[in-house]
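Notes for the structure review
Each chain, written out:
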Amino acid sequence: MSSILRSSQLRNNVWSSFPVRFLKQQAGLSTAKLLGSRSCEIRHFTTQVQDLGKQVVDTATVLIFDVETTGFFHKDHRIIEFALYDLSGGKNSTFETLVNPERTVPNHVARVHNIGTGLVCRPDIPRFSDVIPLLLAYVRSRQAHGKPILWVAHNAKQFDARFLAQEFDRCSAPIPADWLFFDTLVLAKKMVKAEGKKRPTNLEALREHYGICSNGTAHRAMRDVMILGQVFQKMTFDLKLTYKELMNEAMRASEFSNVS
DNA sequence: TCAGAAGTATGTCTGTTGGT
DNA sequence: ACCAACAGACATACTTCTGA
């Protein structure tokens, strides 16, 4: 495996403590004190994370993930960047890698995420078949014994989960049966409907709605993952979603069986 | 009892939305 | 650029109610 993959896949960054460990570190501090800081990280945490967030994190491993691809259509296009973040935080809570799609990246798509053919179609960039064993090992290392993995993405149902399933299928690798997929777009639509208002439900709109600051390039996988991690917790809090309801909404990989 | 109006349920079509 | 899901608008069918 290339050194690039080794160095990028388990890269920790300043967000690696987000959010549970951070809260534990901040235990005893008042909400006012938390809110008082101008720190981006601190501003995201008032009192909202404790209930469902902790309940879910304690009951399943929640992995927020995002993929960048060569296009929209999972049957024709390929993943070129993969990022995930383990909501329980701690050391090595992120996994991020570029992926060699073994095909060109259309210019109109490259303009979206700034990942062009020259960046990923190189021998030192791993193919998804190289990434799968590392990903499986990484997920196993984060998984609590006997507890499922809950993969969370925005528009997972139509996009991210399908691409992931498609890539596993291409490599004839089965997706573990205890991997469940949750779509935050469905949640966002429910929330907007419950409000009786009409506003966009895309990730950028949700980020603005919750006043989440962003750093990094738009439409890059890890940046979107970090935003979604915060949006997910805030939405589940707003909707007073129980762990049971969350798991009921989750889909199994077999539900993307039209992958062929 | 019958005709017509009103209300409800269901199906179809179209436009919008979300992801890169 | 593609595809699927969804919401809303609209049409149609059916049921219920009212008055003659």
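Keep in mind that this is a model prediction, so the values were computed, not measured.

Every residue close to DNA strand C is listed here: Phe 72, Phe 73, His 108, Lys 157, Gln 158 and Lys 193. Expressed as a percentage, the sugar and phosphate content of the atoms of DNA strand C within 4 Å of the protein is 62%. Here a base nitrogen of DNA strand C sits 3.2 Å away from a polar atom, N or O, in the side chain of His 108. Here a sugar or linking oxygen of DNA strand C sits 2.9 Å away from a polar atom, N or O, in the side chain of Gln 158. In terms of residue class, the surface near DNA strand C is built from 2 nonpolar, 2 polar and 2 charged.

Our next topic: the protein's contact with DNA strand B. What surrounds DNA strand B is a group of 17 residues, the closest being Glu 68, Phe 72, His 113, Thr 201 and Asn 202. Among the atoms of DNA strand B lying within 4 Å of the protein, the sugar-phosphate backbone contributes 58%. Asn 155 is positioned with one of its side-chain polar atoms (N or O) 3.1 Å from a sugar or linking oxygen of DNA strand B. A distance of 3.0 Å separates a phosphate oxygen of DNA strand B from a polar backbone atom of Leu 203. In terms of residues, the surface near DNA strand B owes the most to one element, strand S1 (residues 61-69), which gives 4 residues. Per-class residue counts for the surface near DNA strand B are 7 nonpolar, 7 polar and 3 charged.

Packed helix pairs are specified by the crossing angle of their axes together with the interaxial distance, meaning the distance between the axes. One way to put it is that helix H10 (residues 184-195) packs onto helix H12 (residues 221-238) with a least axis distance of 10 Å and a crossing angle of 45 degrees. If you check the angle between H10 and H12, you find them oblique. Relative to H12, H10 is oriented so that their crossing is left-handed. Judged by residue contacts, Thr 184, Leu 187, Ala 188 and Met 191 of H10 engage Leu 228, Phe 232, Met 235, Thr 236 and Asp 238 from H12. Here the contact of H10 with H12 is composed, by residue class, of 6 nonpolar, 2 polar and 1 charged.

A few words on the nonpolar core. If you look at the biggest cluster of nonpolar residues, it comprises 31 residues, and the most contacted ones within it are Ile 64, Leu 150, Phe 182, Val 231, Phe 232 and Met 235. Listing elements by their share of this core, those giving two or more residues are S1, strand S2 (79-86), strand S4 (149-153), strand S5 (179-183), H10, helix H11 (203-209), H12 and helix H13 (243-249). Look past the residues within four positions of Phe 182 in its chain and what remains in contact with it is Leu 150, Trp 151, Val 152, Ala 153, Ala 156, Leu 187, Phe 232, Leu 241, Leu 246, Glu 249 and Ala 250. Counting 30 residues, the second-largest nonpolar core is a separate cluster that includes Leu 84, Ile 132, Val 139 and Ala 165.

All right, on to the state of the cysteines then. Per the stated rule, a full pass over the model turns up 0 disulfides. Left without a disulfide partner, Cys 121 is nearest to the cysteine sulfur of Cys 171, which lies 16 Å away. Given the relative accessible area of 31%, Cys 121 is considered partly exposed. The exposure class assigned to Cys 171 is partly exposed, which follows from its relative accessible area of 28%.

For the rest of this paragraph, the subject is the pattern of salt bridges. For the structure on display, the rule yields 10 salt bridges. Where Asp 130 meets Arg 127, a salt bridge forms, and the shortest distance between an N and an O atom there is 3.5 Å. The class of Arg 127 is partly exposed, set by a relative accessible area of 36%. Across the pair Glu 249 and Lys 190 runs a salt bridge, and its minimum N-O distance is 2.5 Å. Separated by 59 residues along the polypeptide, Glu 249 in helix H13 and Lys 190 in helix H10 bring together distant segments of the chain. If you follow the salt bridges from partner to partner, you end up with Glu 204, Arg 207, Arg 223 and Asp 224 in one network.

Peptide bonds are, in most cases, trans, and in most cases residues other than glycine have a negative phi. One non-glycine residue, Glu 102, lies in the positive phi region at around 60 degrees. By the element assignment, Glu 102 lies in the loop between strand S3 (94-98) and helix H6 (107-113). Positioned with a positive phi, Asn 155 is a non-glycine residue whose angle comes to about 70 degrees. Turning to its location among the elements, Asn 155 is positioned in the loop between S4 and helix H9 (156-170).

What counts and how
Residues numbered from 1 in each chain as written. Chains lettered and ligands numbered in written order. Predicted model: local features only at pLDDT ≥ 70, side-chain atom pairs only at ≥ 80, totals over all residues. Heavy atoms only, no water. Near = heavy atom within 4 Å. Polar contact = N/O pair within 3.5 Å; in protein donor to acceptor, adjacent residues only side chain to side chain. Nonpolar A, V, L, I, M, F, W, Y, C, P; charged D, E, K, R; others polar. Helix = DSSP H or I, 4+ residues; strand = E, 2+ residues; numbered from the N terminus. Axes fitted to C-alpha atoms, helices over the stretch in contact; angles between N-to-C directions. Parallel < 35°, antiparallel > 145°, perpendicular 65-115°, else oblique. Left-handed = near helix turned anticlockwise from the far one by under 90°. Contact = heavy atoms within 4.5 Å. Core = buried A, V, L, I, M, F, W, Y, C linked by side-chain atoms within 4.5 Å. Buried < 20%, exposed > 50% of the residue type's maximum accessible area, 1.4 Å probe, protein only. Disulfide = S-S within 2.5 Å. Salt bridge = Lys/Arg side-chain N within 4 Å of Asp/Glu carboxyl O.

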